[in-house]
Amino acid sequence: RVKQGFITFDHVSFIYPGTTKSVLSNVRFSVNPGERLAVIGSTGSGKTSLFQLIPRLYDATEGEIRIDHRPTTDYTLDNLRRSIGYVPQSPLLFTGTVAENIAWGKEHASTKEIIHAAKDAQIHDAIMELDNQYQTKVGQKGVNLSGGQKQRISIARALIRNPKILMLDDSTSALDLTTESKLLHAMESYECTTLLITQKISTAMRADRILLIDEGKVLAIGTHEELLHSSSLYQRIVTS
Ligand code: M5T
Ligand code: MG
């Protein structure tokens, strides 16, 4: 079977509806099937906005985004979103059990699949320490989970669907380096194209390539070594 998850941004510009500020300008790049791309850039540079266009939470104002050579607007929203595992910057859990929160969006998830995804997301051990383990209620009426625990439940929710494209928006920011490292390693067994926004250069360096955006524009894309040579901003970020 041919690997899937080829993503193309073709001269994409974006302005949020009802505003005038250009958040993304003429963005173009491609991500290969199965590739892991880190997205870096200062706060407000447009990283989250770029992510939101892929599952069509918003539509590009100009240009086109293609997945496997088909414009995202050609897919039904249902099919498009089914193929994408998107972990937002501020993950939302609903009132329900931990197991229900992980299984959300996947029909007929078995206990085995839920535990498998939780283990890969490095959250299984913490769940086992809760009073009712996978049956513990979370959300408004349940236990309070830490930001990092919520992030990992949200990652498990994305992994269980075995998506073609996995998108993590700063999802490892609250994790210690060892846990993050285990998570990134576990993710390698999923044959998906991975886009990961990160503030940490050490995390970005583990990706196949790095996309550097600044004020809504692609400044550079390439390997760590390539960017060290081609981008003065990247040099500054690395040495700061
Ligand atoms: C880029 C504006 C934001 C900023 C620009 C998500 C969102 C952003 N914006 C909106 O007007 N509405 C929205 O719903 O867009 O913001 P971003 O894409 O969130 O930037 P980032 O992800 O690179 O920043 P950060 O802080 O997460 O690293 O002008 O006001
Ligand atoms: Mg963001």
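Residues numbered from 1 in each chain as written. Chains lettered and ligands numbered in written order. Predicted model: local features only at pLDDT ≥ 70, side-chain atom pairs only at ≥ 80, totals over all residues. Heavy atoms only, no water.

Topic: the overall build of the protein chain
A count of helices and strands for the protein chain gives 10 helices and 12 strands. In terms of C-alpha radius of gyration, the protein chain reaches 18 Å, essentially the compact-globule figure of 18 Å for 240 residues. Principal-axis analysis of the C-alpha atoms places the extent of the protein chain at approximately 50 × 45 × 40 Å. Within the protein chain, the fraction of its 240 residues that count as buried is 48%. Nonlocal contacts in the protein chain, meaning residues at least 24 apart in sequence, comprise 69% of its contacts between residues at least 6 apart. For the protein chain, the accessible surface area stands at approximately 12,200 Å², while carbon and sulfur atoms represent 48% of it. Once the 27 positive and 26 negative side-chain charges of the protein chain are each reduced to a mean point, those two points are 3 Å apart. (Helix = DSSP H or I, 4+ residues; strand = E, 2+ residues; numbered from the N terminus. Rg over C-alpha atoms; globule rule 2.2 N^0.38 Å. Buried < 20%, exposed > 50% of the residue type's maximum accessible area, 1.4 Å probe, protein only. Contact = heavy atoms within 4.5 Å. Areas by Shrake-Rupley, 256 points an atom, 1.4 Å probe, with all protein chains shown as cover. Lys, Arg positive; Asp, Glu negative; His and termini not counted. Charge placed at Lys NZ, Arg CZ, Asp CG, Glu CD.)

Details of the pairing of strand β1 (residues 7-15)
Note that β1 and strand β2 (residues 22-31) share 6 bridges and pair antiparallel. Note on β2: the bridge partner recorded for V12 is V27. The antiparallel pairing of β1 with β2 creates a hairpin that spans 6 residues between the two strands, and G18 there sits at a positive phi of about 80°. (Pairing = 2+ DSSP bridges.)

A closer look at the site of ligand 1
Close contacts around ligand 1 come from 13 residues, with K21, T43, K47, T48 and S49 the closest. Note that an oxygen atom of ligand 1 is positioned 2.8 Å from one of the side-chain N or O atoms of K47. Considered on its own, ligand 1 offers 610 Å² of accessible surface; in the complex 67% of this is hidden by protein. Looking at which element gives the most residues to the shell around ligand 1, the answer is helix α1 (residues 47-53), with 3 residues. (Near = heavy atom within 4 Å. Polar contact = N/O pair within 3.5 Å; in protein donor to acceptor, adjacent residues only side chain to side chain.)

Here's the deal with the coordination of the magnesium ion (ligand 2)
Taken together, the protein ligands of the magnesium ion (ligand 2) are T48 (OG1) and Q89 (OE1), with distances of 2.0 to 2.4 Å. Residue T48 is located in helix α1, and its partner Q89 is located in the loop between β6 (84-87) and β7 (96-97); the two are separated by 41 residues in the primary sequence. (Donors = N, O, S within 2.8 Å, 3.2 Å for Na, K, Ca; no water.)

A short note on the side chain of T172
Looking at the element boundaries, T172 is found in the loop between β9 (165-169) and α7 (177-187). The residues contacting T172, other than those within four sequence positions of it, are Q151, E180, L183, K200 and T203.

Overview of the nonpolar core
Generally speaking, nonpolar side chains in soluble globular proteins are found buried as a group. V98, I102 and Y134 are the most contacted members of the largest nonpolar core, which totals 40 residues. Going through the elements one at a time, β3 (36-40), α3 (98-103), α4 (111-120), α6 (147-159), β9, α7 and β11 (209-214) are the ones with two or more residues in this core. No other element matches α6, which puts 5 residues into this core. Mapping this core onto the domain boundaries places at least three of its residues in each of domain 1 (1-83 + 163-240) and domain 2 (92-162). Once residues within four sequence positions are removed from consideration, Y134 is found in contact with T97, V98, A99, I102, I114, I115, A118, H124, I127 and M128. Of all hydrophobic cores here, the second largest spans 27 residues; its members include F14, V39, L50 and L211. (Core = buried A, V, L, I, M, F, W, Y, C linked by side-chain atoms within 4.5 Å. Domains from an automatic or database assignment.)

Structural notes on the domain arrangement of the protein chain
Segmentation of the protein chain into domains returns domain 1 (1-83 + 163-240) and domain 2 (92-162). The straight-line distance from the C-alpha centre of domain 1 to that of domain 2 is 25 Å. Counting from both sides, the interface comprises 18 residues of domain 1 and, opposite them, 14 residues of domain 2. For the pair domain 1 and domain 2, the summed buried surface comes to about 1,300 Å²; carbon and sulfur atoms form 59% of the total. The largest contributions to the domain 1 side of the interface with domain 2 come from P163, L183 and Y190, which together make up 40% of the buried area. Viewed at the interface, domain 2 and domain 1 are joined by 1 salt bridge. (Buried area = accessible area lost by both parts, 1.4 Å probe. Salt bridge = Lys/Arg side-chain N within 4 Å of Asp/Glu carboxyl O.)

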